[in-house]
Amino acid sequence: MNRPIFLITIFFAPLAGVVGGCAPTLASGETIAEVRKQDGLPTLCINNKPIAPVALIPIGNFPTDVCREFGEAGVHIYSHIIWNWRDVRPGINQGLSEANRWWLGPGRYDFDKVDRRIRAIIAGDPKALVFLRVKLNPPDWWIDAHPDELLHYHDGSRGPQHSMASLVWEETYERMLRDLIGHIESSDYADHIIGYQPAGGKTSEWLLYYRRDHTDVIDYSPAARKRFRAWLSDRYAGDVDELRRAWHDETVAFSTAQPPPPDLRYDSEYGLFRDPGRAQPAMDYHRFLSDITAHNIIRSCRICKEETQGRKITGVFYGYMLHWAHTRVLLANEGQLGLRQILESPYVDFLTSPPQYEARRPGDPGLFQSGYFGSYRLHGKLFWQEADIRTHLAPKPVHYSAANLEETRSLMTRQLGYALTEMNGLWWFTLAGDDTFRDDAIMQHAKRISDVAEHAMNDRGSRRHDVAVFADEETYHHMQMGSGALTYPLVTDMRRMLSRSGVVHDIYLLSDIVDPAMPDYKLYLMLNPFYLTDELRNAIKNKIRRNNAVAVWFYAPGFVQEDGSFSEAAIADLIGIQVRHRRDSQVLQMGLRDVDHPILAEGGNTRTLTMQKPIDPVFYADDSAATVVGVLQPQGEDGLVVKEYEDWRSIYFAAPMMDTALFRGIARYAGCHVYSETDDILDANSRYLMLHTTSAGNKDIRLPVKCTIRNLIEDRDVAKDADELHFTSKRPGETLLFVLER
């Protein structure tokens, strides 16, 4: 079964100012905010005027002082977390108990506590424009009254908060949201409010309440069981015979179906792959968890749109598949595979995430946990970078803290660099304490960044259509939960390698390849299209088999067919190269051959690339018409091959082992521009270029056209009528940001 599942049974027409057209004519004193496409890019507009989306989220509850300082630095957009459950992080300014306990019961509130917090921001910056992050976690009075509506682990123990599947919780947060927004929109500070960010689940990021040690799968609550049965009835159109055929169970019924036990959810039947003949209950349940999460995201954003007549923005944390691809339980178990539904919703204006905490130090890429920037632009969604920077003033330094002022400035500039080159927004988040930014030198740098971002709204540039990277959600339902032996090098390491390659690339959700507005690219990296419907398979072939484009495939592209069966012939049909496989658990090594091929032009062609963990099955090429560039060791099977057709070219990797030199060779083979070869972090568009160094030494940057190159932070020209830039970096972790003026 592949019918789309819609858990929202009542649909509303798009609201005024939500999609298409311009904002409605303003009434006197009214503030209208929207995200709309301008010059093809998602743009934050306030009262019809595009503004730079640079913001601050103070962690203090009454942050007048820090808002005054950021206001003086040119930041006038603020978010603020409206807590309503427990005293999280007491001791930062006034304890949360002073501001937290405002939701007193069903329909009962102490709104004065909310008002005081918002007024504290406005007192610091009278120009403040505020969008509120409203926590949807119900307080203790609700938790105590609804034990069956809480998340349950398989051992019968209850989690600390609601089940994402609880209808009672949905009704509860809807009433609260409508009452809260109604109060705020009728207040004397309503003109300062530009939006609402519904914050569900753990850490505001729409995560189910997993155990900290990630030892258990969820959710086995009565609420989840009841909702899962309704979801199954919808998915299988009420046809119990269809359900029984799919589950291979002649006794199951919509009224008796159960969430599958942990062993079935963790298991796999064919190496890394699931066989629907046994695994369909687990596959369905994981889809259900993502569908119910996406449903509540869309539902809560729709409520915000309705209560503001579509005149305020809404957005959420979501889209963490790229970050969590390698984890054992955090992907399918956490409902993070519903991004397509979010992107298609007219009620969601922006998405956001913090950077990857384990790779955000000076010299690291600082990539974001949600990183489908190509898809976000395509769908008109603003991405708001959460700049949770630990400055050198942080009281408890962590491994990704800045060591000194120079590193603090560099991390801040890296954030601006991504915002300019990817056309994103950014918000400073003082999670380690508002005082960690309260330094004259830091605030001077923040002001320079605000000035640059505001000026950039006049010309944001455009992305090069060189490399498109595609990652798929649906494939994970057909794979073992926790297939990190493959997905860590395939997704996590691959993203970081690409960021160091010196080649500009855009990342998309695979489902976007069917969109007629999807641009054509020279090089397509197809990370994980292991499972494909017939429709998507044909769309991929139609997109890439033209314009002499190059497509790069990994491991088992198209191996799982629409009916869940496995097929080597289906791989060949998709990629134009014959591929075989064998059942074996093996740590793969690939030796590059001593052959004269353009993709081996850099880095030497006798090196060996090695995976860290064994994978099963093992795939390899077996095509006499293909050029063999690398072989699997020690068996000697063809592991990297290239095959050329009249209108396109195909490259197959039996395992995701690719370094920067090899990728640059492939990029040049496809006709893409290579900016840098020194393995530094680089991103660029037609107007801006950011380089964050991973090492000290000489750096050479080559531009696609001649231009005047200007250092944005230092506000000085460094070259004129030039298509090359040469300089020496003193240290790793240095960030240079240039504007390219033609």
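Bear in mind that the values here come from a model prediction, so they are computed numbers and not experimental data.

Reading the values: rules and limits
Residues numbered from 1 in each chain as written. Predicted model: local features only at pLDDT ≥ 70, side-chain atom pairs only at ≥ 80, totals over all residues. Heavy atoms only, no water. Helix = DSSP H or I, 4+ residues; strand = E, 2+ residues; numbered from the N terminus. Rg over C-alpha atoms; globule rule 2.2 N^0.38 Å. Buried < 20%, exposed > 50% of the residue type's maximum accessible area, 1.4 Å probe, protein only. Lys, Arg positive; Asp, Glu negative; His and termini not counted. Charge placed at Lys NZ, Arg CZ, Asp CG, Glu CD. Patch = residues over 30% accessible without salt bridge, like charges linked within 9 Å, V, L, I, M, F, W, Y side chains within 5 Å. Areas by Shrake-Rupley, 256 points an atom, 1.4 Å probe, with all protein chains shown as cover. Salt bridge = Lys/Arg side-chain N within 4 Å of Asp/Glu carboxyl O. Core = buried A, V, L, I, M, F, W, Y, C linked by side-chain atoms within 4.5 Å. Contact = heavy atoms within 4.5 Å. pLDDT = per-residue confidence, 0-100. Pairing = 2+ DSSP bridges. Axes fitted to C-alpha atoms, helices over the stretch in contact; angles between N-to-C directions. Phe/Tyr/Trp six-rings, centres within 6.5 Å; stacked < 30°, edge-to-face > 60°. Right-handed = clockwise from strand over helix to strand, strands pointing away.

Caption draft 1: Just the overall build of the protein, in detail. Looking only at helices and strands, the protein features 18 helices and 31 strands. Against the compact-globule benchmark of 27 Å for 742 residues, the protein has a radius of gyration of 26 Å, which places it among compact chains. With the C-alpha coordinates of the protein rotated into their principal frame, the extents come out at 75 × 75 × 50 Å. For the protein, the residues scored as buried account for 65% of the 742 residues in total. Each charge sign in the protein was given a centre, from 83 positive and 100 negative side chains, and these centres are 2 Å apart.

Caption draft 2: How the structure looks around unusual backbone geometry. The step from Ile218 to Asp219 runs through a cis peptide bond, and the omega angle for that step is 20 degrees. Backbone torsion omega between Gln633 and Pro634 reads 10 degrees, so that peptide bond is classified as cis. The residue Pro634 is located in the loop between β24 (627-633) and β25 (638-644) in this model.

Caption draft 3: Expanded view of the environment of Ser450. In this fold, Ser450 is placed in helix α14 (residues 440-456). As a C-alpha pair, Ser450 and Ala73 span 377 residues in sequence and 7.0 Å in three-dimensional space.

Caption draft 4: Expanded view of a negative patch on the surface. A surface patch of like charges, here negative, comprises Asp534, Glu535, Glu562 and Asp563. Examined against the element boundaries, Asp563 turns out to sit in the loop between β19 (549-554) and α17 (568-575). Look at Asp563 and you get exposed, because its relative accessible area is 60%.

Caption draft 5: Here's a closer look at the nonpolar core. Residues Trp428 and Leu523 are the most contacted members of the largest nonpolar core, which totals 229 residues. Leu523 has contacts with Asp466, Val467, Ala468, Val550, Val552, Phe663, Ile666, Ala667, Ala670 and Cys672, leaving out every residue within four places of it along the chain. Ranked by size, the runner-up nonpolar core spans 17 residues in total, among them Ile709, Ala719, Ala722 and Leu725.

Caption draft 6: Structural view of the confidence of the model for the protein. When pLDDT is averaged along the protein, the result is 92; 93% of the residues meet or exceed 70. Per-residue pLDDT stays below 50 along residues 87-94; that stretch engages in 18 contacts with residues further than four places along the chain or on separate chains.

Caption draft 7: Examining the sheet that holds strand β28 (residues 688-692) more closely. Within the open sheet, the 5 strands sit side by side as β27-β28-β31-β29-β30. Their pairing is antiparallel. Both outer strands of the open sheet, β27 (681-684) and β30 (716-729), are each paired with one neighbouring strand and no more. Sheet twist, expressed as the mean angle between neighbouring strand axes with direction ignored, is 15 degrees. Bridging between strand β29 (residues 697-711) and β30 involves 10 bridges; their strand directions are antiparallel. By the bridge assignment for β30, Asn698 is matched with Thr728.

Caption draft 8: Summary view of the packing of aromatic side chains. Applying the stated criterion to the full structure yields 45 aromatic pairs. Each ring, one from Tyr357 and one from Tyr400, has its centre 5.5 Å from the other, and the planes form 65 degrees; the classification is edge-to-face. On the criterion of sequence distance, the pair formed by Tyr357 in the loop between β13 (350-353) and α12 (373-378) and Tyr400 in the loop between β14 (382-387) and α13 (405-422) is long-range, its members being 43 residues apart. Taking the relative accessible area as the measure of exposure, Tyr357 reaches 26% and is therefore partly exposed.

Caption draft 9: Examining the pairing of strand β5 (residues 77-82) more closely. Of all 6 residues in β5, 6 are buried; the element is thus mostly enclosed. Neither face of β5 is exposed, since Ile77, Ser79 and Ile81 on one face and Tyr78, His80 and Ile82 on the opposite face are all buried. A crossover links strand β4 (residues 54-57) with its parallel partner β5, the connecting element being helix α1 (residues 64-72), and its sense is right-handed.

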